[in-house]
Amino acid sequence: SIKSTLLTYTAEDGETYGLLSVMPPKRAGFLGAPRDVIFVVDRSGSMEGIKMTSAIRACSILLNSLGPQDRFAIAAFDDVVEWMSATSGSHFIASDIAGIEKGETYLRTITARGGTELNNCFVHAFDAIKHRQDANGRMPSLVVLTDGEVGNESEILQRIQTGIGEARLFSVGIDTSVNSGLLKRLANLGGGTATFVEPGVQLEEALASVAREIGSPLVSDLQVENLDLAVDRASLSPSRLPDVFQGRASTTF
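Residues numbered from 1 in each chain as written. Predicted model: local features only at pLDDT ≥ 70, side-chain atom pairs only at ≥ 80, totals over all residues. Heavy atoms only, no water.

(A) Quick look at a negative patch on the surface. On the surface, Glu12, Asp13, Glu15 and Asp232 cluster together into a negatively charged patch. Along the polypeptide, aspartate 13 turns up in the loop between strand E1 (3-10) and strand E2 (16-23). The exposed category is assigned to aspartate 13, whose relative accessible area is 59%. (Patch = residues over 30% accessible without salt bridge, like charges linked within 9 Å, V, L, I, M, F, W, Y side chains within 5 Å. Areas by Shrake-Rupley, 256 points an atom, 1.4 Å probe, with all protein chains shown as cover. Salt bridge = Lys/Arg side-chain N within 4 Å of Asp/Glu carboxyl O. Lys, Arg positive; Asp, Glu negative; His and termini not counted. Charge placed at Lys NZ, Arg CZ, Asp CG, Glu CD. Helix = DSSP H or I, 4+ residues; strand = E, 2+ residues; numbered from the N terminus. Buried < 20%, exposed > 50% of the residue type's maximum accessible area, 1.4 Å probe, protein only.)

(B) Representation of unusual backbone geometry. The amide bond that connects serine 237 to the next residue, proline 238, takes the cis arrangement and shows omega of 0°. Tracing the chain through its elements places proline 238 in the loop between helix H7 (208-213) and strand E10 (250-252). Positive phi outside glycine occurs at aspartate 134, with the angle close to 50°. You can see aspartate 134 is positioned in the loop between helix H3 (118-130) and strand E7 (139-146). One non-glycine residue with positive phi stands out, namely alanine 230, at about 55°. With respect to the helices and strands, the residue alanine 230 is situated in the loop between H7 and E10.

(C) Fine view of helix H1 (residues 50-63). Between its first and last C-alpha atoms H1 spans 20 Å; for 14 residues at 1.5 Å apiece the expected length is 20 Å, and the two agree. Where burial is concerned, most of H1 is hidden: 11 out of the 14 residues are buried. Restricting attention to buried positions, one finds in H1 the residues Lys51, Met52, Ser54, Ala55, Ile56, Ala58, Cys59, Ser60, Ile61, Leu62 and Leu63. (Expected span 1.5 Å × (residues − 1).)

(D) View of the pairing of E1. The buried fraction of E1 amounts to zero of the eight residues, a small share that puts the element mostly on the outside. Where E1 meets E2, eight bridges bridge the pair, whose relative direction is antiparallel. The residue of E2 that forms the bridge with serine 4 is valine 22. In this antiparallel pair of consecutive strands, E1 and E2, the connection spans five residues, and glycine 14 shows a positive phi of 95°. (Pairing = 2+ DSSP bridges.)

(E) Just the layout of surface pockets, in detail. One number sums up the size of the largest pocket: a volume of about 780 Å³. The wall of the largest pocket is formed by 23 residues, among which Thr16, Tyr17, Gly18, Val231 and Leu236 lie closest to the centre. Mapped onto the lining of the largest pocket, the elements with two or more residues apiece are E1 and E2. It is E2 that contributes the most residues to the lining of the largest pocket, six residues altogether. For the lining of the largest pocket, the class distribution of residues is 14 nonpolar, six polar and three charged. (1 Å grid on protein atoms, 1.4 Å probe; cavity = no way out; pocket = protein on both sides within 12 Å on 5 of 7 lines; lining within 4 Å. Points joined across faces, edges and corners; volume = space filled by probe spheres on them. Nonpolar A, V, L, I, M, F, W, Y, C, P; charged D, E, K, R; others polar.)

(F) Highlighting the nonpolar core. With 35 residues, the main nonpolar core has Phe39, Leu62, Val143, Val172 and Leu207 as its most contacted residues. Listing elements by their share of this core, those giving two or more residues are strand E3 (35-42), H1, strand E4 (71-77), helix H2 (97-107), E7, strand E8 (168-174) and H7. Sequence-distant contacts of valine 172, that is, excluding residues within four places in its chain, are made with Leu62, Val143, Val144, Leu145, Thr146, Leu183, Thr195, Val197, Leu207 and Val210. If you look at the next biggest cluster of nonpolar residues, it comprises 29 residues, including Ala125, Leu142, Val150 and Leu183. (Core = buried A, V, L, I, M, F, W, Y, C linked by side-chain atoms within 4.5 Å. Contact = heavy atoms within 4.5 Å.)

(G) Spatial organisation of the environment of threonine 109. In this structure, threonine 109 sits in the loop between H2 and H3. The exposure class of threonine 109 is partly exposed, given its relative accessible area of 48%. A C-alpha to C-alpha distance of 9.7 Å links threonine 109 and isoleucine 56, two positions 53 residues apart in sequence. There is a polar contact of 2.6 Å between the side chain of threonine 109 and the backbone oxygen of tyrosine 106. (Polar contact = N/O pair within 3.5 Å; in protein donor to acceptor, adjacent residues only side chain to side chain.)

Printed below as a string of structure tokens:
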């Protein structure tokens, strides 16, 4: 069953603040709804060297965590967006043995090069989600692997707010000094989670939680109801309550 905990603190001025945590239920053997996952890989010049290698390795680990009921696509971006080629007029392919092998082959071709146009990549990714074939019952998700070194943050965040729809967004920051503020906000607005890894570390352990969470919330669309407690809705942080994913609590202030 779902369990929740509420910690409160009342300040000298009489205002009361709360920290609400919703714990996930145990679901042994639960595969979740079938997923359509787009892996968004930053190949801009700032990813040169070990960061690029680590991003490709991280994407490969997450790709191999998908189940046979899932589909995936890979979009590599700098100042242009390039998709792993697929058939049947869709960017998505099945995550079976042949599909994963094709994905790993494509990942090995990605090298760092130009500028960082993340907003443009989101335009393409949201369009791909919107025009999916046989999408009924499939949870769309984006996994963004980047160091977060972008310049038009406000434009990117607005794009997420207006275009994310029912999809979930997960960010994986790869750097020793990653732009954690931006990647956390992307995940908050996208209803997903943010994870940070250092290039060259044991990525399997660092990405274990992301692999469990991608696109498969156990409980979604959480709401805080005001039961005569004068809740200041504008003070909720994050404003969109996170979904409850396997192995991770949903927390809001």
